[in-house]
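Here is how the chains run, residue by residue.
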Amino acid sequence: MIRGTVLIAQEVCKGCELCIAVCPQECLGLSEHLNIRGYRYVRLIQETCTGCINCALVCPDSAITVFREPKGAAKKTVVVQSTP
Amino acid sequence: MPELKPTNGFEEVFRKVQTLTDTPMHYCPGCGHGVVHRLLMEVVDEMRIQDKTVGVAPVGCSVFAYQYMNIDMQEAAHGRATAVATGIKRVLPDRYVFTYQGDGDLAAIGTNETIHTVNRGENILIVFINNGVYGMTGGQMAPTTLAGMKTTTSPFGRDIATMGHPLKITELLAQLPGAYYVTRHAVHTPTAVRKLKKSLRMAFEFQEMKKGTCFVEVVSNCPSGWKMTPQESNEWMEKNMFPYYPLGDLKVPKVRMN
Amino acid sequence: MKANSEISLMKGNEALAEAALRAGMQAYFGYPITPQSEILEYLAVHGTKRGAVILQAESELAAINMVYGAAGAGARVMISSSSPGISLMQEGISYMASAEIPFLIVNVQRGGPGLGTIQPSQGDYFQATKGGGHGDYRLIVLAPASVQEMADFVFDGFRLAEKYRVGTMILADGALGQMMEKVVQPPMGSLPLAEKPWATAGKPPSRERNILTSLFIQPEKMEEVNLKLQRKYREIQSEVRYEAIQVEDADIILVAFGLAARISQKALELARHKGIRVGLVRPITLYPFPSAILSQIALSAEAFLVVEMNAGQMLEDVELAVRGEKPVHFKGRMGGMLPSPEEVLREIESIAAVHAANSELIS
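Computed from a predicted structure; not experimentally measured.

Of the regular secondary structure elements, chain C holds 13 helices and 15 strands. Dimensions of chain C, computed from C-alpha atoms along their principal axes, come out at roughly 80 × 50 × 35 Å. Every one of the 363 residues in chain C was classed for burial, and the buried ones make up 59%. Of the contacts formed within chain C by residues at least 6 apart in sequence, a portion of 79% connects residues at least 24 apart. Summed over all atoms, the accessible surface of chain C reaches about 14,300 Å², with 54% contributed by carbon and sulfur. Averaging the positions of the 34 positive and the 40 negative side-chain charges in chain C gives two centres separated by 5 Å.

All right, on to the nonpolar core then. In terms of nonpolar packing, the biggest core is built from 126 residues, with Phe29(C) and Met78(C) touching the most fellow members. Considering every element that reaches this core, the biggest residue donor is helix H7 (residues 147-164) of chain C, with nine residues. Counting contributing residues per domain, this core is built from domain 1 (7-195 + 210-238) and domain 2 (242-362) of chain C, each supplying no fewer than three. Once residues within four sequence positions are removed from consideration, Met78(C) is found in contact with Leu16(C), Ala20(C), Met25(C), Ala27(C), Tyr28(C), Phe29(C), Ile39(C), Leu43(C), Leu104(C), Val106(C) and Phe158(C). Membership of the second largest hydrophobic core comes to 68 residues, among which are Cys13(A), Val58(A), Met25(B) and Tyr180(B).

If you look at the interface, chain C gives 32 residues, while chain B gives 36 residues. Together, the buried faces of chain C and chain B total about 2,600 Å²; carbon and sulfur atoms form 59% of this surface. Applying the counting rule to chain C against chain B returns three salt bridges. The interface formed by chain C and chain B includes 17 residue pairs in polar contact (both at pLDDT 80 or more).

Quick look at the pattern of salt bridges now. What the rule picks out here adds up to 38 salt bridges over all chains. Arg120(B) is the salt-bridge partner of Glu122(B), the closest N and O atoms lying 2.6 Å from each other. In this structure, Glu18(C) engages Arg50(C) in a salt bridge whose closest nitrogen and oxygen atoms are separated by 2.9 Å. Linking Glu18(C) in helix H1 (residues 12-22) with Arg50(C) in the loop between helix H2 (37-46) and strand E3 (53-56), this pair joins segments that are 32 residues apart in sequence. Of the residues examined, Arg50(C) reaches a relative accessible area of 34% and is grouped as partly exposed. Within the structure, one salt-bridge network assembled from shared partners comprises Arg38(B), Glu42(B), Glu46(B), Lys197(B), Arg201(B) and Glu205(B).

Turning our eyes to something else, we now look at helix H10 (residues 230-244) of chain B. Given a rise of 1.5 Å per residue, 15 residues ought to cover 21 Å, and the 21 Å separating the end C-alpha atoms of H10(B) matches this to within 8%. Along its length, H10(B) shows its largest kink, about 40°, at Met237(B). Regarding H10(B), the residues found buried are Pro230(B), Ser233(B), Asn234(B), Met237(B), Met241(B) and Phe242(B). The elements touched by buried residues of H10(B) are helix H1 (18-22) of chain A together with strand E6 (125-130), strand E9 (179-186), strand E10 (213-219) and helix H9 (223-226) of chain B.

Turning next to the sheet that holds strand E5 (residues 103-109) of chain C. With respect to topology, seven strands assemble into an open sheet ordered E3-E2-E4-E5-E7-E6-E13 (chain C), the strand pairing being mixed. The sheet terminates laterally at E3 and strand E13 (285-287) of chain C, the two strands that pair on one side only. Strand-to-strand twist of the sheet, defined as the mean angle between neighbouring strand axes without regard to direction, takes the value 20°. Two elements, strand E6 (residues 140-142) of chain C and E13(C), share two bridges in a ladder whose sense is antiparallel. Along E13(C), the bridge assignment pairs Val141(C) with Tyr287(C). This element, helix H3 (residues 81-91) of chain B, spans strand E2 (27-30) and E3 of chain C of the sheet and lies at about 150° to E3(C).

On to the side chain of Thr99(B). All names here are of chain B. Relative to the helices and strands, threonine 99 resides in strand E5 (residues 96-102). A residue is classified by how much of its surface remains accessible, and threonine 99, at 0% relative accessible area, is buried. In this view, threonine 99 contacts Val56, Ala81, Thr82, Ala85, Ile124, Leu125, Ile126 and Val127; residues no more than four positions away in its chain are not counted.

Throughout this description, disulfide means a covalent bond between two cysteine sulfur atoms. All names here are of chain B. Scanning all chains against the criterion turns up zero disulfides over all chains. You can see cysteine 61 has no disulfide; the closest cysteine sulfur is in cysteine 222, sitting 6.1 Å from it. The class for cysteine 61 is partly exposed, based on a relative accessible area of 25%.

This part is about the sheet that holds strand E1 (residues 4-8) of chain A. If you walk across this open sheet you meet the three strands as E1(A)-E4(A)-E2(B), and the pairing is antiparallel. The open sheet terminates on both sides in strands that have one partner only, identified here as E1 of chain A together with strand E2 (11-14) of chain B. Along the sheet, successive strands turn relative to each other by an average axial angle of 35°, direction set aside. As judged from the five bridges shared by E1(A) and strand E4 (residues 64-68) of chain A, these two strands associate in the antiparallel manner. From the neighbouring strand, Thr5(A) faces E4(A), where its bridge partner is Phe67(A).

The rules we used
Residues numbered from 1 in each chain as written. Chains lettered and ligands numbered in written order. Predicted model: local features only at pLDDT ≥ 70, side-chain atom pairs only at ≥ 80, totals over all residues. Heavy atoms only, no water. Helix = DSSP H or I, 4+ residues; strand = E, 2+ residues; numbered from the N terminus. Buried < 20%, exposed > 50% of the residue type's maximum accessible area, 1.4 Å probe, protein only. Contact = heavy atoms within 4.5 Å. Areas by Shrake-Rupley, 256 points an atom, 1.4 Å probe, with all protein chains shown as cover. Lys, Arg positive; Asp, Glu negative; His and termini not counted. Charge placed at Lys NZ, Arg CZ, Asp CG, Glu CD. Core = buried A, V, L, I, M, F, W, Y, C linked by side-chain atoms within 4.5 Å. Domains from an automatic or database assignment. Buried area = accessible area lost by both parts, 1.4 Å probe. Salt bridge = Lys/Arg side-chain N within 4 Å of Asp/Glu carboxyl O. Polar contact = N/O pair within 3.5 Å; in protein donor to acceptor, adjacent residues only side chain to side chain. Expected span 1.5 Å × (residues − 1). Bend = angle between axes of the 7 residues up to and from the residue. Pairing = 2+ DSSP bridges. Axes fitted to C-alpha atoms, helices over the stretch in contact; angles between N-to-C directions. Disulfide = S-S within 2.5 Å.

In structure tokens form, the structure reads like this:
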């Protein structure tokens, strides 16, 4: 299976949960914490993401960046870093 | 947004386009405006026409559209966006000009401007967001409010006998010879989002071909105005809005796109 | 119409339309209304083939918002109408004032209020000079008194609008629009196009995006915008223009603009013939208003007579300028009626009689 991951801009997310509803892998969930604007933001809750971009397509706040493992790439643990 | 750095050979397959600004949108959680803004700007980005595009913002929830779209924009008076766009397009015929309007703006106070702009076949794109309610002012009845639908100014539901019928402005406009491409979409599912983007791209390309007015309606939700969660509002929209405002093309030009 | 300066006989409306083309007008949006439809008609014949965008809109409301779009995109734009149509345009005028979009608007006034009459009037002085639409804003207002000025003020109008990024109004009336007089048209291309770096013509990578808006939700920001506008209006005071005729030795000063000034000038001649020392001040810019000259004259003259084709609108500005130093009288006709020079003369004679009686009492 293709592996992917998402990076969610926590301070932009409004926790509308529309991405959660369209994720075929059920890998998104709401955080326990509030962001600076008072919303519970969405985060990755399990590593089943395939990088299908469904979540990003329906996100009204363009808060989601999606990454995918290229076809035929060696299986590696994904790390996505955020630099300020 | 901070610069994202993928490692371990993962490729970036989706990112917010540079034709959107970094200003966080003021829209309520789950509101469809943000998706339509993004799709418009994705098309502008993909066609590399940022320097040739001029947008017109309306009055309504999307009054601040110009804060989010990284292009030259004008803010029109309530209902006058298509008149403003006419002025821009007539003096700059080689620019891509679009308006972005809600149902109150386009189908109530601006009906005259809307009809005559389409009737002249102005070479512009009109993006029409229909959520059946005045969102910005607090959920009042709109021309497109469904029969029986409760709003703050139809508190017992829209009574057809005294408040008139929900206005199918898109069907009306499709009758006009100046309308070249008329279609109705939604943004509640990934598939719907993909379809809308394709339509917006076509509309911009038709504009380049100077074919006439392209009119793209997006039936959208208003979680705050409808007093529902975003997910509930999408379900309600499917169940109640789509039967009256069915998705699909109302007028498709007989032209082959490359 | 040949491109060189030459004398021709034209209607005021047509002279204005021809002048607009010579002044490099790039777009005109209009809607038919008497007594100014000749402007749209003339431009429909001559405008498009000379490279201008000429569009008959579905309403005055749409037309003024087309001006917003086109002028905001950087074009030199004119619009014209008559009183009821100008009322409809107030929305767009206010928005453009706030967004600092320059444009030229022509009001060929007719009698009101309401649908009124199609006969000439000056009933829109308040609307033109005090705002008209909502909010604290001003237009530069030019008042022509001849067909020649109908043409000349188009050039001044565009020049001032672009210099200050404001709207300029030519406040004419039905008689000036319809009357035929000889006119010398200024040559083509004598008003170069101005740079407009603020225009929304498409954002190149080299600059930030341009936004034209009149929406400033935060009151601090909205006040800042207002303060900027007010600074601009103070600067505009330097553009004041007027014509003073035989004021040096005058006891009675007539104050009138536009057509009423022509009538007053005739009355001045009749009065002088009878030995009454009368002068005339004709404000050419109604905003900015020539208050200073009137304040100055108030020191030497004995009385003022304001003559208008309305119920006394400019009268208030004259009274403010004279500040109670001297009596200010008024002669006006309304609803499309014109005061005759003889009517004005009778008013002058009765003021002169009172003045003479007072002088005798004092001496």
